[in-house]
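What follows is the residue order along each chain.
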Amino acid sequence: MNKLPKKFVERVASNLKKYQRIALAQQKSDVAEADTVTLIKDILAEVFGYDKYDELTSEHQIKSTYCDLAIRIAGKLRLLVEVKSAGSSLADNHLRQVIDYGAHQGIHWVILTNAIEWRLVRIYVANQISHEEVCRIALADMNPKNEDHLQCLFLFAKEGLTIDAMDAFHQQAQLFNKFTVSAIIRSEPVISVVRREIRKLFPDIKVGGENLSLLIENEVIKRDTIEGEKAKEAVARLRKAVNKLERAKSKATKTATTELT
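Residues numbered from 1 in each chain as written. Predicted model: local features only at pLDDT ≥ 70, side-chain atom pairs only at ≥ 80, totals over all residues. Heavy atoms only, no water.

Looking now at the packing of helix 1 (residues 6-29) against helix 4 (residues 147-156). A pair of packed helices is characterised by two quantities: the angle between their axes and the separation of those axes. Two elements in contact, helix 1 and helix 4, have axes separated by 11 Å at closest approach and are oriented at 100°. In terms of axis orientation, helix 1 runs roughly perpendicular to helix 4. On helix 4, the residues touching Phe-8, Val-9, Val-12 and Leu-16 of helix 1 are Leu-150, Leu-153 and Phe-154. Each residue belonging to the contact of helix 1 with helix 4 can be placed in one class, and the counts come to seven nonpolar, no polar and no charged. (Axes fitted to C-alpha atoms, helices over the stretch in contact; angles between N-to-C directions. Helix = DSSP H or I, 4+ residues; strand = E, 2+ residues; numbered from the N terminus. Parallel < 35°, antiparallel > 145°, perpendicular 65-115°, else oblique. Contact = heavy atoms within 4.5 Å. Nonpolar A, V, L, I, M, F, W, Y, C, P; charged D, E, K, R; others polar.)

On to the confidence of the model for the chain. When pLDDT is averaged along the chain, the result is 84; 90% of the residues meet or exceed 70. The weakest mean pLDDT in the chain belongs to strand 2 (residues 61-62) at 54; the strongest belongs to helix 1 at 96. (pLDDT = per-residue confidence, 0-100.)

Moving on: a nonpolar patch on the surface. Together, Leu-201, Phe-202 and Ile-205 make up an exposed nonpolar region whose accessible area comes to about 310 Å². Take Leu-201: it is sitting in helix 8 (residues 188-201). Here Leu-201 falls in the exposed class, since its relative accessible area comes to 56%. (Patch = residues over 30% accessible without salt bridge, like charges linked within 9 Å, V, L, I, M, F, W, Y side chains within 5 Å. Areas by Shrake-Rupley, 256 points an atom, 1.4 Å probe, with all protein chains shown as cover. Salt bridge = Lys/Arg side-chain N within 4 Å of Asp/Glu carboxyl O. Buried < 20%, exposed > 50% of the residue type's maximum accessible area, 1.4 Å probe, protein only.)

This part is about the side chain of Gln-20. Relative to the elements of secondary structure, Gln-20 occurs in helix 1. Classification of Gln-20 as buried rests on a relative accessible area of 12%. Setting aside residues no more than four positions away along its own chain, Gln-20 makes contact with Leu-139, Ala-140, Asp-141 and Met-142.

Core analysis: the largest hydrophobic core is formed by 39 residues, its most contacted members being Leu-44, Phe-48, Tyr-50, Ile-71, Trp-118, Leu-153 and Phe-156. Looking at this core, the elements with two or more residues in it are helix 1, helix 2 (33-46), strand 4 (69-73), strand 5 (76-83), strand 6 (109-113), strand 7 (117-125), strand 8 (129-138) and helix 4. If we skip the residues at most four places from it in the chain, Phe-48 touches Arg-11, Ile-43, Trp-118, Leu-153, Phe-156, Ala-157, Lys-158 and Glu-159. Ala-70, Leu-77, Ala-103 and Ile-123 belong to the second largest nonpolar core, which has 15 residues in total. (Core = buried A, V, L, I, M, F, W, Y, C linked by side-chain atoms within 4.5 Å.)

In a beta sheet, neighbouring strands are held together by backbone hydrogen bonds and run either parallel or antiparallel to one another. If you trace the six strands from one edge of the open sheet to the other, you get 1-4-5-6-7-8, paired in mixed fashion. Either end of the sheet is taken by a strand with one partner, and the two such strands are strand 1 (56-57) and strand 8. Sheet topology places strand 1 next to strand 4; two bridges connect them, and they run antiparallel. For Thr-57, the partnering residue across the bridge sits in strand 4 and is Ala-70. Running at roughly 135° to strand 5, helix 2 makes contact with strand 1, strand 4, strand 5, strand 6 and strand 7 of the sheet. On the sheet, helix 4 packs against strand 6, strand 7 and strand 8 and is oriented at approximately 135° with respect to strand 8. (Pairing = 2+ DSSP bridges.)

The element strand 6 is largely enclosed, with a buried count of five among its five residues. Burial along strand 6 is two-sided: the face carrying Trp-109, Ile-111 and Thr-113 and the face carrying Val-110 and Leu-112 are both buried. Pairing between strand 5 and strand 6: four bridges, direction parallel. Across the sheet, Glu-82 pairs through a bridge with Leu-112, a residue of strand 6.

Within strand 5, six of the eight residues are buried, which leaves the element mostly enclosed by the surrounding structure. In this sheet, strand 5 lies alongside strand 4 in antiparallel orientation, the contact comprising five bridges. What sits directly across from Leu-69, in strand 5, is Val-81. Handedness of the β-α-β unit built from strand 5, helix 3 (residues 96-105) and strand 6 comes out right-handed. (Right-handed = clockwise from strand over helix to strand, strands pointing away.)

Structure follows, in structure tokens:
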């Protein structure tokens, strides 16, 4: 968890409730998108800490049009914001154009919001451009006295952006998720432990390691945690972590042997 700056915590405590009320009123009135853009600029400034006149701009050109808002820190473009009216529902296709632009400009993060809901989206560029939602908050549900809520809000704040809190949060989310846990459960050491426990509890049952592994993969674990790119990435990360641990153990053993001799 990030150590939250006092200035950030105080700013959220002072201003959040006001903008929760305004956002809900805009949603109820179904205001035009331009009015929501104005509100978003105020929230970005007074809750999230950006300089409205120096760091926020609505004149950032994307090909033949302009994105709703762009955030520049020290003159460098860091974040794009796609805004929809407060009364509308957010959808992935709202991001298509801004993600394409961000990918080609080397921008990794986009915010999609209607003032009520805020989504933080990571852009990937590999064989093709893709994106992943990393965090989602409902502004009206945020409580400035709740540490977990403050940690989520911090990801959208200037203080969080300047220390790359988004990337750190994303990295942790990649490591601690269903794909990683699935890969660990299917690993040989865990299969061995499960097999040993079964044999201890039910001595009459003969369980082969391969049969147990197939049972876990085919009938215990959900298929979506085994198949696809994210599952492959989780297995690769697990293998890398195991190799790193084994190298560390080997190095420690050699050091201890050298000291004894």
